[in-house]
Amino acid sequence: MRMSAEKQKNAGPVSSLIKSSLITSVIAIGLIVLTAVLMQQGVLDENGTQVAVTVVKVLCSVIAAMIAVKNISSRRWLVGALAGVVFMTCAFAVFSALSGTFSITTALLTDIAMGGFSGMLAAMALSLFQK
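Residues numbered from 1 in each chain as written. Predicted model: local features only at pLDDT ≥ 70, side-chain atom pairs only at ≥ 80, totals over all residues. Heavy atoms only, no water.

Chemist: Just give me the short version of the overall build of the chain, but keep the residues and values in it.
Modeler: When its secondary structure is counted, the chain shows five helices and zero strands. Of the regular secondary structure in the chain, the N- to C-terminal order runs α-α-α-α-α. Sequence-distant contacts in the chain: of pairs separated by 6 or more residues, those separated by 24 or more amount to 76%. Working note: accessible area of the chain is about 8,500 Å², and carbon and sulfur atoms make up 69% of it. Once the 9 positive and 4 negative side-chain charges of the chain are each reduced to a mean point, those two points are 22 Å apart. (Helix = DSSP H or I, 4+ residues; strand = E, 2+ residues; numbered from the N terminus. Contact = heavy atoms within 4.5 Å. Areas by Shrake-Rupley, 256 points an atom, 1.4 Å probe, with all protein chains shown as cover. Lys, Arg positive; Asp, Glu negative; His and termini not counted. Charge placed at Lys NZ, Arg CZ, Asp CG, Glu CD.)

Chemist: Lay out the environment of M39 in plain terms, naming residues and giving numbers.
Modeler: Tracing the chain through its elements places M39 in helix 2 (residues 13-40). A C-alpha to C-alpha distance of 6.8 Å links M39 and T49, two positions ten residues apart in sequence. Beyond its immediate stretch of four places on either side in the chain, M39 contacts L44 and T49.

Chemist: Account for the layout of surface pockets, naming residues and giving values.
Modeler: Its volume calculated, the largest pocket comes out at about 530 Å³. Contributing elements (two or more residues each) for the lining of the largest pocket: helix 2, helix 3 (46-68), helix 4 (76-99) and helix 5 (106-130). Examining the composition of the lining of the largest pocket, we find that eight residues originate from one element, helix 4, more than from any other. Tallied by class, residues from the lining of the largest pocket come to 13 nonpolar, seven polar and three charged. (1 Å grid on protein atoms, 1.4 Å probe; cavity = no way out; pocket = protein on both sides within 12 Å on 5 of 7 lines; lining within 4 Å. Points joined across faces, edges and corners; volume = space filled by probe spheres on them. Nonpolar A, V, L, I, M, F, W, Y, C, P; charged D, E, K, R; others polar.)

Chemist: Any details on the nonpolar core? Residues and values, ideally.
Modeler: Membership of the largest hydrophobic core comes to 17 residues, with the highest contact counts inside it found for V79, A83 and F87. Mapped by element, the contributors of at least two residues to this core are helix 2, helix 3, helix 4 and helix 5. Setting aside its immediate chain neighbours within four residues, A83 contacts L17, S20, A64, A65 and A68. (Core = buried A, V, L, I, M, F, W, Y, C linked by side-chain atoms within 4.5 Å. Buried < 20%, exposed > 50% of the residue type's maximum accessible area, 1.4 Å probe, protein only.)

Chemist: An account of the pattern of salt bridges is needed here, citing residue identities and associated values.
Modeler: Summed over all chains, the structure comprises one salt bridge. Put simply, K57 and D111 hold a salt bridge, and the shortest N to O gap is 2.6 Å. Separated by 54 residues along the polypeptide, K57 in helix 3 and D111 in helix 5 bring together distant segments of the chain. K57 sits in the partly exposed class, given a relative accessible area of 24%. (Salt bridge = Lys/Arg side-chain N within 4 Å of Asp/Glu carboxyl O.)

Everything listed here is a matter of coordinates, which is why it stays silent on function.
Following this line, the structure appears as C-alpha cells:
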C-alpha cells in the first residue's frame, strides 16, 4: 500500500535514512562490480582499484545524505551525517556477507567516520544552495 504524498513528506528521518541507505547500497554494489570488471580487464591496477573504491564510498555517502535530507527541514547536517554512517554500516554488512568475512578493524571505523563527515558536508552544502 502506498503512502499519500503528505504522509511521505512527514515520514521522518528514520524512514529517510533507511530508504537512502538501501538505494545507495544498490548503487555502490553496481559501481564496485564495475570497478572489479575494470580491474579484471587491466584498466585499473590494485592501487587504482583502492582509490576507486574509496571514491565510490564517498560518492554514495553524499548521495545517501542528499536523499535523506530531501524532506527534512531542521538539523539537516545531523541527518546527513547519520545517512553517511548508516550507509557505511549497511555497505559493510552487505560486503561482509558477500565475502563471507566479518571483522571490525580500524579501516571500518575510518570508513564510518568518512561516511559521516562526507554526508554532513553534503547536507550542509545542499542547505546552503537551496536557500
